[in-house]
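Structural overview for review
Okay, here's what each chain looks like letter by letter:
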Amino acid sequence: LLSALSYLAIWPALYAAAAVVCLGSVAGLAVDSFRESIGIAMVVCTALATYLLDRVKLKDSWLDPADAAAHPRRYFFLAARTRVIRALIGCALCAAMVCAALLARWTMALPVLSCAGVLVYAAKPRRARPRPKDLLLLKNASVASGIVAFSLLTLLAIHEPGPLGTINFAALVTPSLLFSSAHLFLRIFADAALCDLDDEDSDRRHGTTTLPTHFGRLPAWNLAMMLRLGLALALAVVPIGPLRPRLAWAAVTVVSTLSLRLSSPAHIRDAVDLRFAIEAVVVSLVLAWG
């Protein structure tokens, strides 16, 4: 069951939801439980559709042989059910659109743009020219910037919808929100580097350049770990945004970073996705308790 949930991108969808929670709490945005629940539901459904589209593509001939080499069980599980998975993608997109319509009209474009981004990122297997996901640093930066942008726009729809459902761009330019966005970008960048550890051999064979393929497994581990610990320190000492959420996120970041590094699981992707969701739940409980 856990493997099937992983193959069906449940953990990455929860990761995307955790990103919204992290961005909002570090920025100190007030919680509107009803609107926030709708926003989280939209993010989960959109992320589910986006990650599944990346895994099963628009048609079978576009399935990536690099995925078969890196994750054979996941690949063959999904390849045997591509029609059902694509139907699930359609259902998830429809659910995301409904949730978006309840938030603000302009957010209905977000699920469509997310799926379009996947088609730009890696619609087909690599040919002669490299895709964005094949280039060093650009792969991680693309993932991080996409999730941060989506989380930021979702938060604006939740907290600052603007008149008649328009985008309130003025709400973007606040020190706390800019600081929170930079923190989230670097955190996702580090997590994406860790996820690449699972694909190191396959990426090397298929011409995808990542931190593990370029520097080696151990240096990539250490770079990601030091970046995360540096982010925890920044949260604790940089006086931007409310103190309690920053300290809570700094604490869980240190604990989860060291725990994952010491355990060093053979397959790290699911652990990386799940730990962000767990961190978000822990921080939310701590802040609610106070």
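Residues numbered from 1 in each chain as written. Predicted model: local features only at pLDDT ≥ 70, side-chain atom pairs only at ≥ 80, totals over all residues. Heavy atoms only, no water.

1. Points about the packing of aromatic side chains
Operational definition: In this scheme Phe, Tyr and Trp rings, the latter by its six-membered ring, pair at centre separations within 6.5 Å, and the angle between planes marks the pair as stacked below 30 degrees, edge-to-face above 60, and tilted otherwise. Counting from the N terminus, the helices are the DSSP runs of H or I reaching at least four residues and the strands are the DSSP runs of E reaching at least two. With a 1.4 Å probe rolled over the protein chains alone, any residue whose accessible area is under 20% of its type maximum counts as buried; one over 50% counts as exposed, and the rest are partly exposed.
This model, assessed by the stated rule, comprises 5 aromatic pairs. With a centroid separation of 5.1 Å and an interplanar angle of 50°, the aromatic rings of Tyr7 and Phe77 are classed as tilted. With Tyr7 in helix α1 (residues 2-7) and Phe77 in helix α5 (residues 72-79), this pair connects stretches of sequence that are 70 residues apart. Neither Tyr7 nor Phe77 differs from the other in exposure class; each is buried. Summarising the aromatic geometry, the rings of Tyr15 and Phe276 are spaced 4.8 Å apart at their centres and angled 65° between planes, so their arrangement reads as edge-to-face.

2. Looking at the pattern of salt bridges
Quick note on the threshold: For salt bridges, the criterion is a side-chain nitrogen of Lys or Arg within 4 Å of an Asp or Glu carboxyl oxygen.
Taken as a whole and assessed by the stated rule, the structure comprises 11 salt bridges. Among the ionic pairs, Arg204 bridges to Glu200, the shortest N-O distance being 3.2 Å. Here Glu200 and Arg204 lie together in helix α10 (residues 200-206), a separation of 4 residues that amounts to about one turn. Exposure remark for Arg204: the relative accessible area of 43% places this residue in the partly exposed category. The class for Glu200 is buried, based on a relative accessible area of 12%. Residues Asp201 and Arg204 are paired through a salt bridge, measuring 3.9 Å at the closest nitrogen-oxygen approach. Residue Asp201 and its partner Arg204 are located together in helix α10, separated by 3 residues, close to a single helical turn. Taking relative accessible area as the criterion, Asp201 reaches 51% and is therefore assigned exposed.

3. A look at helix α3 (residues 33-56)
Quick note on the threshold: One fewer than the residue count of a helix, multiplied by 1.5 Å, yields its expected span.
Compared with the 34 Å implied by 1.5 Å per residue over 24 residues, the 34 Å span of α3 between its first and last C-alpha is a close match. Burial of α3 is extensive: 18 of the 24 residues sit out of reach of the surface. Backbone geometry just after α3 places Lys57 at a positive phi near 60°.

It is worth stressing that arrangement in space is one thing and function is another; only the former is reported here.
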